[in-house]
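# Understanding the architecture of this molecule
One letter stands for each residue in the lines below.
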Protein chains: 2
Amino acid sequence: MGVRDVSVEELLDTTKIEWINSTGPESDVVITSRVRLARNLKDVPFPHLLSRTQAEEVIDSVYRAFLKNPVLSKDARLFLMKNLSDTEKNLLVEMHFISPDLAKDDRGAVIISGDRRISIMINEEDHLRIQCIFSGLDPQGAYELASRVDDVLEEQLDFAFDERLGYLTACPTNVGTGIRVSVMMHLPVLTMLKQVDRLFSAMAQLGLVVRGLYGEGTESWGNLYQISNQITLGKSEEDIIQNLLSVASQIISSERQARRNLKGEERLRLEDRISRSYGILTNSKLLSTQEAMGYISDVRLGVDMGFIKNLKPEEINNLFITAGPSYIQEVFKKTMTPLERDLNRANLLRQKLLR
Amino acid sequence: MGVRDVSVEELLDTTKIEWINSTGPESDVVITSRVRLARNLKDVPFPHLLSRTQAEEVIDSVYRAFLKNPVLSKDARLFLMKNLSDTEKNLLVEMHFISPDLAKDDRGAVIISGDRRISIMINEEDHLRIQCIFSGLDPQGAYELASRVDDVLEEQLDFAFDERLGYLTACPTNVGTGIRVSVMMHLPVLTMLKQVDRLFSAMAQLGLVVRGLYGEGTESWGNLYQISNQITLGKSEEDIIQNLLSVASQIISSERQARRNLKGEERLRLEDRISRSYGILTNSKLLSTQEAMGYISDVRLGVDMGFIKNLKPEEINNLFITAGPSYIQEVFKKTMTPLERDLNRANLLRQKLLR
């Protein structure tokens, strides 16, 4: 079969990542929108019960099914977890192509499309996790593409589906539509004003979940928050998307209002913080990921508020990815001490900002 | 008589200040050397006992005596404390032309020479305090010039002198030679390594005193320390200078050794701190004096250690003066809120660094 197992090196070229190099709707607050559909193959045990051979068969059949559509699968790549180093797997997590869970299991794989908008995780918790990521606030766009991928695959594969429940999944929380819609929001001013906690506890009551930058259980580095639906059953995909859209719109308004409300000394102090962050990013010799994320967040806010004029928002998206812990290791193709990572990260970010 | 009372505005032009625009011996650690001679007029009460009229007569006679030497007094200016605003007096303190004590008394005055190397305080604690300030470690140079001024004045004035005690002064601690020799040292690495306290307590036993940037009781902003002799009686001027020189040499060695001993990660972390300080100085929108002094100290160290190559040490001397609290107010000729000062200071320092 046509399994092409290639190096993750080509993924380092962020110019190929569609969402990084464009700005979608409301991009002053929303970095990306993502839709994930959970699907399972009929009459095949759920992934955690699969033998290695069975797991390979699943990968094989999914990849083959995807290749049937020459448009969507153009320049697509298949990566088998068993062939990747830890750093490579971490890089895929940092770039949001796979979940930390997939990285932990040798039996998994991921297909990544040429424009990097589609990634299909295979043998994660479910046989298939079709993910689409779009720039800005555009969950509909992401959902439409994910549905197209879903349709293409369903022409070749039999999905486990129950007339009453909907799509069957390994974990009952995903049963039904199997959809998870999420938006990555940049909320620096609400964070600064300590209004996020109150906001997020209100969101829990609306069936939404907030996560940090790198998914479940991670911290919100760089003032970035992933907000997604919790419930997949008993609501249509459209309702779920509409619900998230309406909550996201309120948060966008709050963040914008908070930015506008900063006046006089408060505004000046923020501009000072932002300018210093730019100064540190363009001068420091050592930068940890977490620290870098904070400064990049400031610079992004500075661009959005008009304090910084020589940078485009897309360039900052790029920095968020570049600052990740594994990106640096992959660029230099060696295992590094944390100090070496901090040194190379500072160099790389400086070069990217000053070029 | 020829009392010319002029604006302090011309003092803002730091290009005229000899010690700022040159580098003397050991200038990687020693910023300036200063000598001060205390003198009093025979048969005139000490300043704190003078009437206003008597005080004016003292000023008059000292200024007249100084003007007798056309070389030393070329472009010299006389400033009467009673005619200066608080900001103007504070500026003279910041620029090391007068002591905080002189600024407090309306009856005082100061003569400042054209090259700013000589300042003669009149009616401070003593009738005359002849001060000379030289770049780098050069107390002999400063002493020679102060002696010349002393000789010139003594040709016209009768100084209170006792064959056994030497020069008589208002405070017994200055009796004898009436000399105070001091060096302004920049000790960033000894400070970072927390070795200064131990060093300075050892120095107290050698009859030396350590003060902060703006004299007695002030803090050591910018890692700058003034070290001076305590004792003026029972030793010759030459011995006092030699004693200070020998202690200063040891401290210079210690600071240099400490700088050289920084290797590997420690050195890299210092370079990172220095580079960030440069980044903050060239980007921030608000800077307090104390904070600015810290960053300027880092940049100066960066220049001395070769981390920063596009600046000369003299340029940093200039920044130390520019960062002072009163300098900004005088430049903009208005009373400012602390926030406005911080804003204008940040702007001015940025312009000076990036020009």
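Bear in mind the structure is a predicted one, so any value in this text is a computation, not a measurement. (Residues numbered from 1 in each chain as written. Chains lettered and ligands numbered in written order. Predicted model: local features only at pLDDT ≥ 70, side-chain atom pairs only at ≥ 80, totals over all residues. Heavy atoms only, no water.)

### Quick look at the overall build of chain A
The criterion, for reference: Helical segments are the DSSP runs of H or I of at least four residues, strand segments are the runs of E of at least two, and each set is numbered from the N terminus. As a reference, a globule follows 2.2 Å times the number of residues to the power 0.38, and the radius of gyration itself is taken over C-alpha atoms. Burial classification: accessible surface area is computed with a 1.4 Å probe over protein chains only, and a residue below 20% of its type maximum counts as buried, one above 50% as exposed, and the rest as partly exposed. Note on contacts: a residue pair qualifies if any of its non-hydrogen atoms lie within 4.5 Å across the two residues. Using the Shrake-Rupley algorithm and a 1.4 Å probe, accessible areas are obtained, with residue cover drawn only from the displayed protein chains. Residues counted as positive are Lys and Arg, residues counted as negative are Asp and Glu, and His and the chain ends are not counted. Here the site of a charge means NZ on Lys, CZ on Arg, CG on Asp, or CD on Glu.
Across its full length, chain A carries 12 helices and 10 strands. Compactness check: chain A gives a C-alpha radius of gyration of 20 Å against a globular reference of 20 Å for 355 residues, within 12% of the reference. Among the 355 residues that make up chain A, the fraction classed as buried is 58%. Put simply, of all contacts in chain A between residues at least 6 apart along the chain, 71% involve residues at least 24 apart. Summed over all atoms, the accessible surface of chain A reaches about 14,700 Å², with 48% contributed by carbon and sulfur. Distance from the positive charge centre (44 side chains) to the negative charge centre (50 side chains) of chain A: 5 Å.

### Describing the sheet that holds strand E1 (residues 30–39) of chain B
Residue and element names in this part refer to chain B. Formally: Whether two strands pair depends on DSSP finding at least two bridges between them. Axis definition: a line fitted to C-alpha atoms, limited for helices to the stretch in contact. Angles are taken between N-to-C directions and run from 0 to 180 degrees.
Spatially, E2-E3-E4-E5-E1-E8-E10-E9 is the arrangement adopted by the 8 strands of the open sheet, whose pairing is antiparallel. The open sheet has two free edges, formed respectively by strand E2 (77–80) and strand E9 (208–211), since each of these has just one partner strand. When strand polarity is set aside, the average angle formed by the axes of neighbouring strands in this sheet is 20°. In the sheet, E1 pairs with strand E8 (residues 179–186) via 7 bridges, with the strands oriented antiparallel. The residue bridging Thr 32 from the neighbouring strand is Met 184, located in E8.

### What about the pattern of salt bridges?
Residue and element names in this part refer to chain A. Going by this rule: Put simply, a salt bridge is a Lys or Arg side-chain nitrogen that is within 4 Å of an Asp or Glu carboxyl oxygen.
Within the structure shown, the criterion is met by 52 salt bridges over all chains. A salt bridge links Asp 28 to Arg 256; the shortest N-O distance between them is 2.8 Å. Placement of the pair is Asp 28 in the segment before strand E1 (30–39) and Arg 256 in helix H7 (residues 237–261), with a sequence separation of 228 residues. Taking relative accessible area as the criterion, Arg 256 reaches 26% and is therefore assigned partly exposed. Glu 124 is the partner of Arg 129 in a salt bridge, and the nearest nitrogen-oxygen pair spans 3.2 Å. We note that Arg 129, like Glu 124, is buried.

### Some details on the pairing of strand E10 (residues 224–229) of chain A
Residues and elements named next belong to chain A. Of all 6 residues in E10, 6 are buried; the element is thus mostly enclosed. Residues of E10 alternate between two faces, with Leu 224, Gln 226 and Ser 228 on one and Tyr 225, Ile 227 and Asn 229 on the opposite face, all of them buried. The sheet contact formed by strand E8 (residues 179–186) and E10 spans 5 bridges and is antiparallel. From the neighbouring strand, Val 183 faces E10, where its bridge partner is Ile 227.

### Thoughts on the environment of Met336(B)
All names here are of chain B. Tracing the sequence through the fold places Met 336 in the loop between helix H11 (325–332) and helix H12 (338–354). Sequence spacing of Met 336 and Ala 323 is 13 residues, and the spatial spacing of their C-alpha atoms is 15 Å. When neighbours within four sequence positions are excluded, Met 336 is seen to be in contact with Ile 328, Gln 329, Arg 341 and Asn 344.

### Things to note about the side chain of His127(A)
All names here are of chain A. Just so we agree on the cut-off: N or O atoms within 3.5 Å of each other form a polar contact, as long as, within protein, one can give a hydrogen and the other can take it, and as long as residues adjacent in sequence are counted only when both atoms are side-chain atoms.
Tracing the backbone through its elements, the reader meets His 127 in the loop between strand E4 (118–122) and strand E5 (128–135). For His 127, the side chain forms a polar contact with the main-chain nitrogen of Leu 41, separated by 2.8 Å. In this view, His 127 contacts Arg 39, Asn 40, Leu 41, Val 44, Pro 45, Phe 46, Pro 47, Leu 50, Val 58, Met 121 and Ile 122; residues no more than four positions away in its chain are not counted.

So, to be careful, I would describe these as geometric facts and stop short of saying anything about function.
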